[in-house]
Amino acid sequence: MLSYLTSVLLLASSSGDSRVASVMLSSESLLRYLHQRATEKPSSSLEVIFTARSKLKYQSVFLTAYLVAASAKFKIKPEVSLLWDVETLFACLTKSDVCAKVSSLQLLTSVFEMNFESQVIQIRDKPQQRTRSSDDVGLVLSAGTTRSLFFLLQNILLRGSDFVAWNSLLCLSSLWEYVSKKNKKVSDHLVQQPWNEFLVESCLGFYGDTLPPAWFIRFLILFPSQVPQKSVEAILNSILQQNPETLDHRMLGSAAVFIKEPYRYIGGVVLSADLTFLDRTADLARTICGLGM
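What you see as residue numbers is a count from 1 along each chain, following the sequence as written. pLDDT decides what is reported in this predicted model: residues at 70 or higher carry local features, side-chain atom pairs at 80 or more are listed and counted, and totals for whole chains, interfaces and linings draw on all residues regardless. Excluded from the side-chain calculation are hydrogens and water; included are all heavy atoms of the structure.

Observations concerning the nonpolar core
At step 1: Among the buried residues, those of types Ala, Val, Leu, Ile, Met, Phe, Trp, Tyr and Cys that are joined through side-chain atoms within 4.5 Å form a nonpolar core. Exposed residues in this analysis have more than 50% of their type's maximum accessible area, buried residues have under 20%, and partly exposed residues fall in between, with area computed by a 1.4 Å probe over protein chains only. Of all hydrophobic cores here, the largest spans 79 residues; its most connected members are Leu-107, Ile-123, Trp-215, Phe-216 and Phe-219.
At step 2: The element that contributes the greatest number of residues to this core is helix α9 (residues 162–182), accounting for ten residues.
At step 3: Not counting residues up to four positions away in its chain, the partners in contact with Leu-107 are Val-61, Thr-64, Ala-65, Val-68, Trp-84, Leu-89 and Ile-121. Numbering goes from the N terminus for both helices and strands, where a helix is a DSSP run of H or I of at least four residues and a strand is a run of E of at least two. Only heavy atoms matter for contacts: two residues are in contact if any of them lie within 4.5 Å across the pair.

Points about the confidence of the model for the protein
At step 1: Per-residue pLDDT for the protein averages 82, and the proportion of residues at 70 or more is 83%.
At step 2: Within the protein, the element-level pLDDT minimum falls on helix α15 (residues 262–265), averaging 46, and the maximum on helix α2 (residues 19–25), averaging 96.
At step 3: Contacts for the low-pLDDT stretch residues 262–282, under 50 throughout, to residues beyond four places or in other chains number 28 contacts. Values of pLDDT, ranging from 0 to 100, describe the predictor's confidence in every residue of the model.

Notes on the environment of Leu-2
At step 1: The topology assignment puts Leu-2 in helix α1 (residues 2–14).
At step 2: Using a relative accessible area of 5% as the deciding quantity, one classes Leu-2 as buried.
At step 3: Sequence separation between Leu-2 and Lys-55 is 53 residues, and the spatial gap between their C-alpha atoms is 10.0 Å.

Overview of unusual backbone geometry
At step 1: Unlike most non-glycine residues, Lys-75 shows phi in positive territory, near 55°.
At step 2: Within the fold, Lys-75 resides in the loop between α5 (51–74) and β1 (82–85).
At step 3: You can call Lys-75 exposed: its relative accessible area is 75%.

As structure tokens, then:
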């Protein structure tokens, strides 16, 4: 039933029809039901036996995520706003179940994109982090929780499938943009972590001259100063040698960002950027920009 409701909501929202979202968001009983199913904590034995209960839990998280997005898109005020503990989402992110991870990633992405100002749900910090300090200024979650979440999302990038990694990357990007706007001290701390450089170098070494997945190209955009210019050139050339019409649209979009704003993303320093390889492939570059943006 929840899968059907989710499909109807997505279909209506994608066509600009707000009526389905309005009906769902005006139903306090539906919102409370989703909250109850998404946040309940069954015993581990029951969770193994009754897999349907787990599916219902993650379907509830998915539908809540889409309702958060629909509420923002159509500016609909929900009948009730419900409180979620961030620990519930952390628990889902650390599970091996793909649905558990992706549903929580999509919900967090919607919340971050709204700067935690969603009227559908409010996220409460861990109990030990609720005493605020000067490091937490501007943030809804504490600096400690924010850092833990940032590193967890990076870890998911390396350990999940491309599908999970893409959703994790979108969540990481939205979290990064939120923190950058709200707390410069914490954002500087996150971007200066040695782990970022290690992660970039490890992935560059792993993919080599092969065509990397779309999520990795989008990931490089987050840390442009740590990506060697030659690596960017090699990646873009590997994309430009493909048939743009058969490439993943997500990859086209990520590559188009590099091509449209090369001085910002290539080499980290404007004067060191050698853009002649873009001139050599100008026609395909224009094709990628046209298809990817």
